[in-house]
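If you want the building blocks of each chain, they are given just below.
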Amino acid sequence: MENILKTIRENIESVLKKEEIVVDSIVFETEGKYHFLRIVLDKTGGIDLDTIVMATNLINPILDKLDLIEEEYILDVLSKERGNE
């Protein structure tokens, strides 16, 4: 799975970089009977919901084209938590 996540990162980073979005982490996790591909993003000044939606729309077709994960999964794109600032 490590190589798959690395390939995903390499393929989405260049597209997101154009939008000044940084890929913080990518993990594949199982919770109960569900699998999640969690992609945590960051951006100077933080990321709002509109940016998350836009990033998801950029990431989805890349993942569909790569088709690297055999299991069915839920794509979970979220922003890095910043804590109390």
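Our subject is the structure that appears above.
Source: prediction; values computed, not measured. (Residues numbered from 1 in each chain as written. Predicted model: local features only at pLDDT ≥ 70, side-chain atom pairs only at ≥ 80, totals over all residues. Heavy atoms only, no water.)

(A) Structural view of the packing of helix 1 (residues 2-17) against helix 2 (residues 49-66). Taken N-terminus to C-terminus, the directions of helix 1 and helix 2 make an angle of 145°; their axes are 10 Å apart at the nearest point. In the packing of helix 1 onto helix 2, the handedness of the crossing is right-handed. Across the interface between the two elements, I8, N11, I12, V15 and L16 from helix 1 touch A55, L58, I59, I62, L63 and L66 from helix 2. Looking at side-chain class alone, the contact of helix 1 with helix 2 contains 10 nonpolar, 1 polar and no charged residues. (Axes fitted to C-alpha atoms, helices over the stretch in contact; angles between N-to-C directions. Helix = DSSP H or I, 4+ residues; strand = E, 2+ residues; numbered from the N terminus. Left-handed = near helix turned anticlockwise from the far one by under 90°. Contact = heavy atoms within 4.5 Å. Nonpolar A, V, L, I, M, F, W, Y, C, P; charged D, E, K, R; others polar.)

(B) Molecular detail of helix 2. End to end, helix 2 covers 26 Å across 18 residues, agreeing with the expected 26 Å (1.5 Å per residue, within 8%). Of the residues making up helix 2, those classed as buried are T51, I52, A55, I59, I62 and L63. Packing partners of the buried residues in helix 2 comprise helix 1, strand 2 (34-42) and strand 3 (74-79). Where helix 2 terminates, the next one or two residues include D67, which has phi positive at roughly 45°. (Expected span 1.5 Å × (residues − 1). Buried < 20%, exposed > 50% of the residue type's maximum accessible area, 1.4 Å probe, protein only.)

By themselves these figures say nothing about function.
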